[in-house]
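# Architecture and fold: a report
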Amino acid sequence: MLPTLSPGRRDAWVLALCQGLYTAAISIDLTLTGLTGYQLAPDKALATLPFALITVAGAVVTLSASFLLQRLGRRLGFALGALAGACGGAVSVWAVMHANFWVFCLGTAAVGVFQAFAMYYRLAAADAVGPDEKGRAVSRVLAGGVVAAVLGPLLAAWSKDLFPTALFAGAYLMVCLLGLLSLALLLGFYRDHQTAAAAGSQAHEPPRPFAEVARQPIFAASVANNVIGSAVMMLVMTAAPLAAVGHHHSIDDGAGIIQWHMVGMYAPSLVAGALIQRVGLGPMLFAGMVLNAVCVAVAMASTGLTAFYLALFCLGVGWNFMFVGGTTLLAQSYRPAERAKVQGLAELARFVVTAMASLVAGPLLERYGWAGLNVAVLPLLALAAVMTLWWVAAQRRGAAVLERA
């Protein structure tokens, strides 16, 4: 039974459950789609296309998804996204059973649509509560991925042989079922409550041009932490299993490193909201950058298995702090009338840059090695720090003006 809470907090718990279901579903796809693509591809050079289509479809849909959520309402919009995920899983099952590569590509693209909508869960939770509660709402939703981050790969391993004549078909059936369960939760329990406290004093103010919104230090800091934090995470995470195998660790070791990394990504969400309220957003964001820098230092110091585990865990926690903090800033940077446009463009930027990071990870690793790839993220972290310092300085100037008034 869902806890008896205020409507906004209750919605956040529903979204946390949906986040867990989505994370489990996408983990299955991320775990097996490369192997399935290799199994089905008529030309093995196309083997990674289904995997790439998850990100590509998400990037293509994310901006229109934001406006659709505003037009239909988040309840129906999120339900549509979950339905796309369920259909993607079902199409993938059919494709695997019939050994049809191109239909399988269609199925993974539909899962990418699910991903595009699910990325707005955390923002929906932030928009439903007052300014002081936004950090907790965001972290509460992301915490839904803690168990799923571990459960997804285990579920993939358990279900891949459900149909003896069609390897991996059973795993995609799980994706379908997880999408349907998410659909049921959204239609049955989510209500998208928007209170006056959540809308704030800007509830009836007209929308500004996007350029004006983007010039705000708070928006620049939010995008820097969301985009750069995600790009750094994707760049290092994508290369880590390849680097581990290249340094004479096993494929199973590579999978274990990623699983531990995903625990680092989501487990801090259990306390991130409380930390923001206790120490403030600025220290939280800088702590995330420092943890990413620790990842770089550990990766440069050793290529032992323990070092890989420690580096990727620090990377995950650092991403979480930057992502939760950056999302909290983003939710404070726009007026209600600007929500769809600002959220959509911010998420589009994150999708595009993250996709680019995943594409260049392999070539960077090949050319510069594991240590060199990690060094390459330091200028990105420095840029995030500069943008965050700009926001901190602006915030202090604003506070000083209020004190003199």
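These figures come from a predicted structure and were not determined experimentally. (Residues numbered from 1 in each chain as written. Predicted model: local features only at pLDDT ≥ 70, side-chain atom pairs only at ≥ 80, totals over all residues. Heavy atoms only, no water.)

Time to look at a nonpolar patch on the surface. A cluster of nonpolar residues, Leu72, Leu76, Leu80, Leu83 and Leu187, forms a patch on the protein surface that exposes about 390 Å² of accessible area. Here the nonpolar patch gets 3 residues from one element, more than from any other, and that element is helix H3 (residues 74–97). (Patch = residues over 30% accessible without salt bridge, like charges linked within 9 Å, V, L, I, M, F, W, Y side chains within 5 Å. Areas by Shrake-Rupley, 256 points an atom, 1.4 Å probe, with all protein chains shown as cover. Salt bridge = Lys/Arg side-chain N within 4 Å of Asp/Glu carboxyl O. Helix = DSSP H or I, 4+ residues; strand = E, 2+ residues; numbered from the N terminus.)

Locating Arg208 in the fold gives a position in the loop between helix H9 (196–199) and helix H10 (210–214). Here the side chain of Arg208 touches Ser333 through a polar contact of 3.4 Å, landing on its backbone oxygen. The contacts of Arg208, once residues within four sequence positions are left out, are Val213, Gln216, Ser333, Tyr334, Arg335, Glu338 and Lys341. (Polar contact = N/O pair within 3.5 Å; in protein donor to acceptor, adjacent residues only side chain to side chain. Contact = heavy atoms within 4.5 Å.)

So, on to the pattern of salt bridges. The full count for this structure, using the stated rule, is 6 salt bridges. Notably, a salt bridge pairs Lys160 with Asp161, separated by 3.1 Å at the nearest N-O pair. For Asp161, a relative accessible area of 44% puts it in the partly exposed group. Among the ionic pairs, Glu338 bridges to Arg208, the shortest N-O distance being 2.7 Å. With Glu338 in the loop between helix H15 (305–331) and helix H16 (339–375) and Arg208 in the loop between H9 and H10, this residue pair connects regions lying 130 residues apart in the sequence. (Buried < 20%, exposed > 50% of the residue type's maximum accessible area, 1.4 Å probe, protein only.)

Before going further, it helps to examine the packing of aromatic side chains. Going through the model one piece at a time under the given rule, you end up with 10 aromatic pairs. Arranged with centres 5.4 Å apart and planes meeting at 80°, the rings of Phe104 and Tyr172 form a pair that is edge-to-face. Of the two residues, Phe104 sits in helix H4 (residues 101–118) while Tyr172 sits in helix H8 (residues 169–189), which places them 68 residues apart along the sequence. Of the two residues examined, Phe104 and Tyr172, each falls in the buried class. Here the aromatic rings of Phe210 and Phe219 are separated by 5.7 Å at their centres, their planes lie at 90°, and the arrangement is edge-to-face. Residue class for Phe210 comes out partly exposed when judged on its relative accessible area of 27%. In this structure, Arg350 packs its charged tip against the face of Phe351, placed 5.7 Å from the ring centre. (Phe/Tyr/Trp six-rings, centres within 6.5 Å; stacked < 30°, edge-to-face > 60°. Lys NZ or Arg CZ within 6 Å of the ring centre and 35° of its normal.)

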